[in-house]
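Spelled out from the first residue to the last, the chains are:
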Amino acid sequence: MKIFNTLTREKEEFKPITEGEVKIYACGPTVYNYIHIGNARPICVFDVLRRYLEYRGYKVTFVQNFTDIDDKIIKKANEEGTDYKTVSEKYIEEFWKDAKGLNFRPATVHPKATENIDKIIEIVSGLIENGHAYAVDGDVYFSPKTFPEYLLHKMLLVVKDGQEVKMSKRAGTYVTLRDLVDWVGRDAARFFLVSRKSDAEFVFDINLACSKSDENPVYYLQYAHARICSVMRQAQEKGFAI
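Notes on the structure in this doc start here. (Residues numbered from 1 in each chain as written. Predicted model: local features only at pLDDT ≥ 70, side-chain atom pairs only at ≥ 80, totals over all residues. Heavy atoms only, no water.)

For the rest of this paragraph, the subject is the overall build of the protein chain. Per the secondary structure count, the protein chain includes eight helices and nine strands. Within the protein chain, contacts between residues at least 6 apart in sequence are counted, and of these 67% link residues at least 24 apart. (Helix = DSSP H or I, 4+ residues; strand = E, 2+ residues; numbered from the N terminus. Contact = heavy atoms within 4.5 Å.)

Right under this line is the structure:
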């Protein structure tokens, strides 16, 4: 089994640190709004990876966090006249609705940032002490120059009115996972999310997706998914185990 190493940018033979066991950490959402397709992409990819590894016989420990305290969450709470916990708990609940809608399995554990503040401070303090991070006006930033192998990957983009813009909830330039599922259906949405190359720019054209154009990717996704289901059905009818 080979897996793509984003650090070396090459496919490499998969060798777990502990024989027969795999430990996966995937960054979870900052819960101040509904998750968009950018949040859904890693969730879907790691869900598929985890299922496959378990199918191969590995014992998988999968950890995915909830960032439940953040400037954006506090800002949302102030706008709604409530507190950060009310906001975060609300959108964690909404996350689970979306996750169930795409048949995502819960991780082994979903730690919350608020439950691990002391450990976070300890880790960040260690990065500062070792010169890998620095503080400016109360914020701490990672210093990539101390990590020569560090690669800046292309940002997640959406296209709106012909212009490429960074996926941003604050700017309103985002597509929620619910939007995508409503447009293409659950299975086609999963197919779309896992079919993007890890080293490719992830662009979603909002205007095109809402149009009735033959170039609309929604129609392509539905067609591609229908074809895959058709092929699998024919294979099963011929006695192939899938």
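Read on, since the account is not over.
This part takes up the pattern of salt bridges. By the definition in use, this model includes nine salt bridges. Here lysine 72 makes a salt bridge to aspartate 70, at a shortest N to O gap of 3.4 Å. Using a relative accessible area of 23% as the deciding quantity, one classes lysine 72 as partly exposed. For lysine 97, the salt bridge goes to glutamate 94, with nearest N and O atoms at 3.3 Å. (Salt bridge = Lys/Arg side-chain N within 4 Å of Asp/Glu carboxyl O. Buried < 20%, exposed > 50% of the residue type's maximum accessible area, 1.4 Å probe, protein only.)

The next subject is unusual backbone geometry. At asparagine 103, a residue that is not glycine, the phi angle is positive and equals roughly 65 degrees. Located in the positive-phi region is aspartate 137, a residue other than glycine, with phi close to 50 degrees. Position of aspartate 137 relative to the elements: it lies in the loop between strand E5 (133-136) and strand E6 (139-142).

Glancing now at the nonpolar core. Membership of the largest hydrophobic core comes to 15 residues, with the highest contact counts inside it found for Val31, Ile43, Phe66, Ile73, Val87, Phe95 and Phe104. Broken down by secondary-structure element, the contributors of at least two residues to this core are helix H1 (37-55), helix H2 (71-80) and helix H3 (84-101). For this core, the leading source of residues is H3, giving five residues. Within the second largest apolar cluster, nine residues are counted, among which are Val22, Ile24, Tyr58 and Phe62. (Core = buried A, V, L, I, M, F, W, Y, C linked by side-chain atoms within 4.5 Å.)

Right, let's talk about the packing of aromatic side chains for a bit. Overall, the coordinates contain eight aromatic pairs when judged by the stated rule. Between phenylalanine 14 and tyrosine 58 the ring centres are 5.8 Å apart and the planes differ by 85 degrees, which places this aromatic pair in the edge-to-face class. In this pair, phenylalanine 14 sits in the loop between strand E2 (10-13) and strand E3 (21-26) while tyrosine 58 sits in the loop between H1 and strand E4 (59-64), placing the two residues 44 residues apart along the sequence. An identical accessibility class is assigned to phenylalanine 14 and tyrosine 58; each is buried. Measuring from centroid to centroid gives 5.2 Å for phenylalanine 66 and phenylalanine 95, while their planes differ by 85 degrees, and the two rings are edge-to-face. (Phe/Tyr/Trp six-rings, centres within 6.5 Å; stacked < 30°, edge-to-face > 60°.)

Now for the packing of H2 against H3. Taken N-terminus to C-terminus, the directions of H2 and H3 make an angle of 105 degrees; their axes are 8 Å apart at the nearest point. Considering the angle they form, H2 stands roughly perpendicular to H3. Between H2, through Ile73, Lys76, Ala77 and Glu80, and H3, the contact on the second element is made entirely by Tyr84, Val87 and Tyr91. For the contact of H2 with H3, the residue count by class is five nonpolar, no polar and two charged. (Axes fitted to C-alpha atoms, helices over the stretch in contact; angles between N-to-C directions. Parallel < 35°, antiparallel > 145°, perpendicular 65-115°, else oblique. Nonpolar A, V, L, I, M, F, W, Y, C, P; charged D, E, K, R; others polar.)

Turning our attention to the pairing of E4. The alternating pattern of E4 places Val60, Phe62 and Gln64 on a buried face and Lys59, Thr61 and Val63 on a face that is not buried. Sheet topology places E3 next to E4; six bridges connect them, and they run parallel. By the bridge assignment for E4, lysine 23 is matched with threonine 61. The handedness of the E3 to E4 crossover, carried by H1, is right-handed. (Pairing = 2+ DSSP bridges. Right-handed = clockwise from strand over helix to strand, strands pointing away.)

Another aspect to go through is H1. Along an α-helix, residues three or four positions apart point the same way, because every turn accommodates 3.6 residues. Helix length check: H1 (19 residues) gives 26 Å between terminal C-alpha atoms against 27 Å at 1.5 Å per residue, within 8%. Listed as buried for H1 are Ile37, Gly38, Asn39, Ala40, Arg41, Ile43, Cys44, Asp47, Arg50 and Leu53. Where H1 ends, the next residue or the one after it, glycine 57, has phi of about 100 degrees, a positive value. (Expected span 1.5 Å × (residues − 1).)

The next thing to look at is H3. Taking 1.5 Å as the rise per residue, H3 with 18 residues should run 26 Å; its terminal C-alpha atoms sit 26 Å apart, in good agreement. The set of residues buried in H3 consists of Val87, Ser88, Tyr91, Ile92, Glu94, Phe95, Asp98 and Ala99. Sitting at the head of H3, aspartate 83 places a side-chain oxygen 3.0 Å from the backbone nitrogen of lysine 85. Positive phi appears at asparagine 103, one or two residues downstream of H3, with a value of about 65 degrees. (Polar contact = N/O pair within 3.5 Å; in protein donor to acceptor, adjacent residues only side chain to side chain.)

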